[in-house]
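Chains, contacts and geometry: an overview
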Amino acid sequence: MRADGAAPPSTPWTGRWSATGPCRGGRRLYEADVDLAGPLADWTAHLSVVRDKAIPLPEPLPELMAALLAEAAEQLNATAADAPLAALRAAGVLERIADRVSR
């Protein structure tokens with residue numbers, strides 16, 4: 001909040017943030033001597049809380065899903081080399097499946 005009570009102007013969120021991308025004067029965070037220990041520790045703690053509160057998947061679903069996703073990734077990579085538009089279509093299908101399942 002500014003001294004006059006107005007909210008400060010905000011920069012629109014671009015949807016991307018990178019600890020290794022340019023940030024300060026075109027330099028990367030690790031080149032700009034920015035200490036990331038605190039934020040990384042906070043992020044690790046947050047992930048632990050989320051993981052602890054997550055509902056466990058029934059067995060053998062985690063292993064089946066991991067194998068299926070690994071196979072899909074392998075097939076998409078092979079298809080992308082030969083037919084990039086087909087791989088893009090397949091990625092769209094996977095995205096729609098994920099969207100339906102998440103509802």
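The sections below set out a description of the structure shown in this document. (Residues numbered from 1 in each chain as written. Predicted model: local features only at pLDDT ≥ 70, side-chain atom pairs only at ≥ 80, totals over all residues. Heavy atoms only, no water.)

**Some remarks on the overall build of the chain**
Summing up its helical and strand segments, the chain has 3 helices and 2 strands in all. Starting at the N terminus, the α and β elements of the chain follow one another as β-β-α-α-α. Looking at the chain residue by residue over its 103 residues, the buried ones come to 5%. With the model as given, the accessible surface of the chain reaches about 9,200 Å², and the carbon-plus-sulfur share is 62%. (Helix = DSSP H or I, 4+ residues; strand = E, 2+ residues; numbered from the N terminus. Buried < 20%, exposed > 50% of the residue type's maximum accessible area, 1.4 Å probe, protein only. Areas by Shrake-Rupley, 256 points an atom, 1.4 Å probe, with all protein chains shown as cover.)

**Quick look at the pattern of salt bridges**
The full count for this structure, using the stated rule, is 1 salt bridge. A salt bridge links R103 to D99; the nearest nitrogen and oxygen atoms lie 2.5 Å apart. Using a relative accessible area of 36% as the deciding quantity, one classes D99 as partly exposed. (Salt bridge = Lys/Arg side-chain N within 4 Å of Asp/Glu carboxyl O.)

Keep in mind these values describe shape, not function.
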